[in-house]
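If you want the building blocks of each chain, they are given just below.
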Amino acid sequence: MSKRISFSLNATDGKARTGMISTPRGDIRTPAFMPVGTAATVKAMLPENVRATGADILLGNTYHLMLRPTAERIDRLGGLHRFMNWDRPILTDSGGFQVMSLTALRKMSEEGVRFKSHIDGSLHELTPERSMEIQRLLGSDIVMCFDECTPFPAEEKVARDSMRLSMRWAQRSRDAFGDRPGHALFGIQQGSVFRDQRAESAEALTAIGFDGYAVGGLAVGEGQAAMFDVLDYAPDMLPADKPRYLMGVGKPDDIVGAVKRGIDMMDCVLPSRSGRTGQVFTRRGVLNIKNARHQDDPRPIDEFCTCPACANYSRAYLHHVFRAQEIISSMLLTWHNLHYYQQIMQGMREAIAAGDFAAWEAEFHAVRAEGDLPPL
């Protein structure tokens, strides 16, 4: 792959942006939502069905894949794209967040993190250099630098020390990544909810130089208001000619608010996880298909949705298969949720291009405020 990954900004409306990330494996329309394929699969979905929802890119997880089946095995089998039958772009996270959140027994140092697997208790070490190696073996199109996800809440000094460690790891990630045409490396801004720390982090990352920049350390328990407060200024600190990625977000109104503030890329397990638990996202808000009110309802989840769940099945049927714990329930509800998320992204892209984002956002919130239609 000799082609460089590039970003073109096509239109802006306020701080909202729409553009294109061009990669050898295909273009990524922004703003973009990336479904999460933690263990080389988007749960309950075939890759071609994920693509049918409108997804241009998937996210894979370095931590989980390094433990099982291992990056080395995936490499021997032809790389992650071939392994999971997805021929379009893949972004992999660095593994830092999972090490901090899933492993109770861990020891962090300047070098990196030593930890025990949550699967079998085996010992492992993850450093900036090892994270880059794993993501290279996977064949990731977009690689994330290794960082520490600062816990929330954190005292100012704790947050600053964590951010500065992540900046040193960012330089080591950049050095280890090297020059790889056809692949991109993104830096991750840290600094918790402290504006001066966010500015220091952005300056350090820009000096190192990355192909894109993520706003990290949010959606970790601070709440939407605090997250939006940070997003009011943090994206503006990052280079305007590079994509901006908000990690681990989120609910539909989180996504709309993030795009309004200048974010180009997002990911979250929520649409697929919620589908497996009977929670359905619609234009009118969240619907719990397990509730008894749906058991005799012949209507679709959303009369305006064109996904297979809405086109072919009633609320009554979806209620039944969820209650009966049939696998088709997870498949159909996840498909609907992913389809709805991609419809949000397409709607925002079109609105930004037309200069109508404010009107689109007002309609988005107005319809949600109406709530679900009453039972028949």
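Residues numbered from 1 in each chain as written. Predicted model: local features only at pLDDT ≥ 70, side-chain atom pairs only at ≥ 80, totals over all residues. Heavy atoms only, no water.

Here's the deal with the sheet that holds strand β1 (residues 6–13)
Strand pairing within a sheet occurs via backbone hydrogen bonds; the two strands may be parallel or antiparallel.
At step 1: Ordered by their spatial adjacency, 3 strands build an open sheet running β1-β2-β3, and the pairing between neighbours is antiparallel. Whereas interior strands pair on both sides, the edge strands pair on one side only; in this sheet they are β1 and β3 (26–30). Each neighbouring strand pair of the sheet contributes to a mean axis angle of 15 degrees, computed without reference to strand direction.
At step 2: Here strand β2 (residues 16–23) runs beside β3; their pairing, made up of 5 bridges, is antiparallel. Across the sheet, the residue bridging to Gly19 is Thr30, located in β3. (Pairing = 2+ DSSP bridges. Helix = DSSP H or I, 4+ residues; strand = E, 2+ residues; numbered from the N terminus. Axes fitted to C-alpha atoms, helices over the stretch in contact; angles between N-to-C directions.)

So, the packing of helix α14 (residues 327–354) against helix α15 (residues 357–370)
At step 1: Where α14 contacts α15, the two axes come as close as 8 Å, and the packing angle between them is 145 degrees. Residues Tyr340, Ile344, Gly347, Met348, Ala351 and Ile352 of α14 lie in contact with α15, whose contacting residues are Phe357, Trp360, Phe364 and Arg368. (Contact = heavy atoms within 4.5 Å.)

Section: α15
At step 1: Between its terminal C-alpha atoms α15 stretches 20 Å, which fits the 20 Å expected from 14 residues at 1.5 Å a residue.
At step 2: Those residues of α15 lying buried are Phe357, Glu361, Phe364, Val367 and Arg368. Seen from one end, α15 has its buried residues packed into an arc of 135 degrees, which puts them on one side. Of the exposed residues in α15, the ones pointing more than 90 degrees away from its buried face are Ala358, Ala359, Glu363, Ala369 and Glu370.
At step 3: Buried residues in α15 make contact with β1, β2, α10 (252–260), β15 (279–282), β16 (285–288) and α14. (Expected span 1.5 Å × (residues − 1). Buried < 20%, exposed > 50% of the residue type's maximum accessible area, 1.4 Å probe, protein only. Arc of directions from axis to C-beta.)

Regarding the sheet that holds strand β7 (residues 106–108)
At step 1: One open sheet holds the 3 strands; their spatial order is β7-β8-β9, and the pairing between them is antiparallel. Looking at strand neighbours, the two that pair on one side only are β7 and β9 (123–126), the edges of this open sheet. Ignoring strand direction, the axes of neighbouring strands in this sheet form an average angle of 15 degrees.
At step 2: Looking at chain direction, strand β8 (residues 113–116) and β9 are connected through 4 bridges and run antiparallel. Paired with Lys116 across the strands is Leu123, a residue of β9.

Focus: the pairing of strand β11 (residues 184–189)
At step 1: In terms of burial, β11 is largely enclosed, as 6 of its 6 residues are buried.
At step 2: Burial along β11 is two-sided: Ala184, Phe186 and Ile188 facing one way and Leu185, Gly187 and Gln189 facing the other are all buried.
At step 3: As paired elements, strand β10 (residues 142–144) and β11 share 3 bridges and run parallel to each other. Following the sheet pairing, Ile142 is matched in β11 by Ala184.
At step 4: Considered for its hand, the β-α-β crossover made up of β11, helix α8 (residues 195–208) and strand β12 (residues 212–215) is right-handed. (Right-handed = clockwise from strand over helix to strand, strands pointing away.)

Some thoughts on helix α13 (residues 315–323)
At step 1: Three or more residues of α13 are buried, namely Arg315, Ala316, Leu318, His319, Val321 and Phe322.
At step 2: Those residues of α13 hidden inside the fold are in contact with α11 (270–276), β16, α12 (308–312) and α14.

Quick word on the environment of Ile188
At step 1: Summarising the element assignment, Ile188 is placed in strand β11.
At step 2: With sequence-adjacent residues up to four places away left out, Ile188 is seen in contact with Met144, Cys145, Asp147, Met167, Ser201, Leu205, Ala214, Gly216 and Met247.

Let's talk about the layout of surface pockets
At step 1: Approximately 1,000 Å³ is the volume found for the largest pocket.
At step 2: In terms of lining residues, the largest pocket is bounded by 47 residues, among which Phe97, Gln98, Gly248, Asp267 and Val269 are the most central.
At step 3: Elements that contribute at least two residues to the lining of the largest pocket include exactly β5 (58–61), α5 (96–102), α9 (224–231), β14 (265–268) and α11.
At step 4: Residue contributions to the lining of the largest pocket peak at 5 residues, all from α5.
At step 5: Broken down by class, the residue content of the lining of the largest pocket amounts to 18 nonpolar, 19 polar and 10 charged.
At step 6: Its boundaries defined by the atoms lining it, the second largest pocket holds a volume of some 410 Å³.
At step 7: Lining the second largest pocket are 19 residues, and of these Arg283, Tyr340, Gln343, Ile344 and Trp360 lie nearest its centre.
At step 8: Of all the secondary structure elements, the ones that give two or more residues to the lining of the second largest pocket are β15, α14 and α15. (1 Å grid on protein atoms, 1.4 Å probe; cavity = no way out; pocket = protein on both sides within 12 Å on 5 of 7 lines; lining within 4 Å. Points joined across faces, edges and corners; volume = space filled by probe spheres on them. Nonpolar A, V, L, I, M, F, W, Y, C, P; charged D, E, K, R; others polar.)

Quick word on the state of the cysteines
At step 1: Within this structure, the stated rule accounts for 0 disulfides.
At step 2: Unpaired in terms of disulfides, Cys149 finds its nearest cysteine sulfur in Cys145, a separation of 12 Å. (Disulfide = S-S within 2.5 Å.)

Quick notes on the nonpolar core
At step 1: Core analysis: the biggest nonpolar cluster contains 89 residues, and Leu91, Leu231, Tyr245, Leu246 and Met266 have the highest contact counts within it.
At step 2: Core analysis: the second largest hydrophobic core is formed by 12 residues, Val280, Ile289, Ile301 and Cys310 among them. (Core = buried A, V, L, I, M, F, W, Y, C linked by side-chain atoms within 4.5 Å.)

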